[in-house]
Amino acid sequence: MEGASFSGRFKDLEPFFSPDGLRLYYSSHRSLDDSINVPTDFDMWYVERQSVNSSWSAPINMGLPINTKENEFYPSVTETNNLYFTSEGLGSKGKDDIFDSKYKEGKHELPKSLSDSINSDGIGFNSLIEPDESFLIFTCYKRAGGLAAEICI
């Protein structure tokens, strides 16, 4: 097995293909500057291609408002390019919360914490959104009355 051309120097985690297969989102602690080999916090990145037979681009950091000085993980993207992910920052209720960022007019809006039915003072992460946003599956723990994993529709 061979590693992806854009990966291997840093910890690149939790890949997620966009529904059309033309973008691959992931979390990485890679430096913003390729000449610096010093890891940073985990940010959301992506690579893209023109067709499913094309080569991947160089890694692209999603920047603000998605990335913060805290860690961002577990990307999941809808068919309208709305992004769901876990963040330790952005005013989380617990250690990790699940956020969504709507995609409008060619850019992602300020992420919003999902409702209290999903986020709590526990830890919520590993969300997987149905491409049409009809349901969300996620993992949580240290949640009062919660199960190891919950499905929300």
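We now turn to the structure provided with this report.

Conventions adopted
Residues numbered from 1 in each chain as written. Predicted model: local features only at pLDDT ≥ 70, side-chain atom pairs only at ≥ 80, totals over all residues. Heavy atoms only, no water. Phe/Tyr/Trp six-rings, centres within 6.5 Å; stacked < 30°, edge-to-face > 60°. Helix = DSSP H or I, 4+ residues; strand = E, 2+ residues; numbered from the N terminus. Buried < 20%, exposed > 50% of the residue type's maximum accessible area, 1.4 Å probe, protein only. Pairing = 2+ DSSP bridges. Salt bridge = Lys/Arg side-chain N within 4 Å of Asp/Glu carboxyl O. Core = buried A, V, L, I, M, F, W, Y, C linked by side-chain atoms within 4.5 Å. Contact = heavy atoms within 4.5 Å. Lys, Arg positive; Asp, Glu negative; His and termini not counted. Polar contact = N/O pair within 3.5 Å; in protein donor to acceptor, adjacent residues only side chain to side chain.

This part is about the packing of aromatic side chains. This structure, assessed with the given rule, holds five aromatic pairs. The interplanar angle of 35° and the centroid separation of 6.2 Å between the aromatic rings of F17 and W56 together place this pair among those described as tilted. Within this pair, whereas F17 is found in strand β1 (residues 12–17), its partner W56 is found in the loop between β3 (43–48) and β4 (60–61), the two being separated by 39 residues in sequence. Taking the relative accessible area as the measure of exposure, W56 reaches 22% and is therefore partly exposed. Ring centres 5.2 Å apart and planes at 35° place the aromatic pair F42 and F73 in the tilted group.

Taken across its seven residues, strand β11 (residues 123–129) has five buried, putting it largely inside the fold. Here five bridges tie β11 to strand β12 (residues 136–141), and the two strands are oriented antiparallel to one another. Within β12, the position partnered with G124 by the bridge is C140.

Applying the stated criterion to the full structure yields four salt bridges. D100 serves as the salt-bridge partner of K102, at 3.0 Å between the closest nitrogen and oxygen. A residue is classified by how much of its surface remains accessible, and K102, at 28% relative accessible area, is partly exposed. On the basis of relative accessible area, D100 is assigned to the buried category, the value being 11%. Salt bridges here are not isolated pairs; linked through shared partners, they connect D100, K102 and E133.

This part covers the sheet that holds strand β5 (residues 72–77). With antiparallel pairing, four strands are arranged side by side in an open sheet as β5-β6-β7-β10. Across the chains shown, the open sheet's two edge strands, defined by having one partner strand only, are β5 and β10 (112–113). One ladder, built from two bridges, connects strand β7 (residues 97–101) with β10; its direction is antiparallel. For F99, the partnering residue across the bridge sits in β10 and is S113.

So, on to the nonpolar core. F16, Y25, M44, Y46, M62, I66, V77, L83, F85 and F99 form the largest nonpolar core, which has ten residues in total. Mapped by element, the contributors of at least two residues to this core are β3 and β6 (83–87). Setting aside residues up to four positions removed in sequence, M44 forms contacts with Y26, I60, N61, M62, I66, N67, E72, F73 and P75. Listed in part, the eight residues of the second largest apolar core include I98, L114, L136 and F138.

The subject of this paragraph is the side chain of E72. Take E72: it is sitting in strand β5. The side chain of E72 is buried and forms no salt bridge, while K69, the nearest opposite charge, is found at 10 Å. A distance of 3.5 Å separates a polar atom in the side chain of E72 from a polar atom in the side chain of S87.

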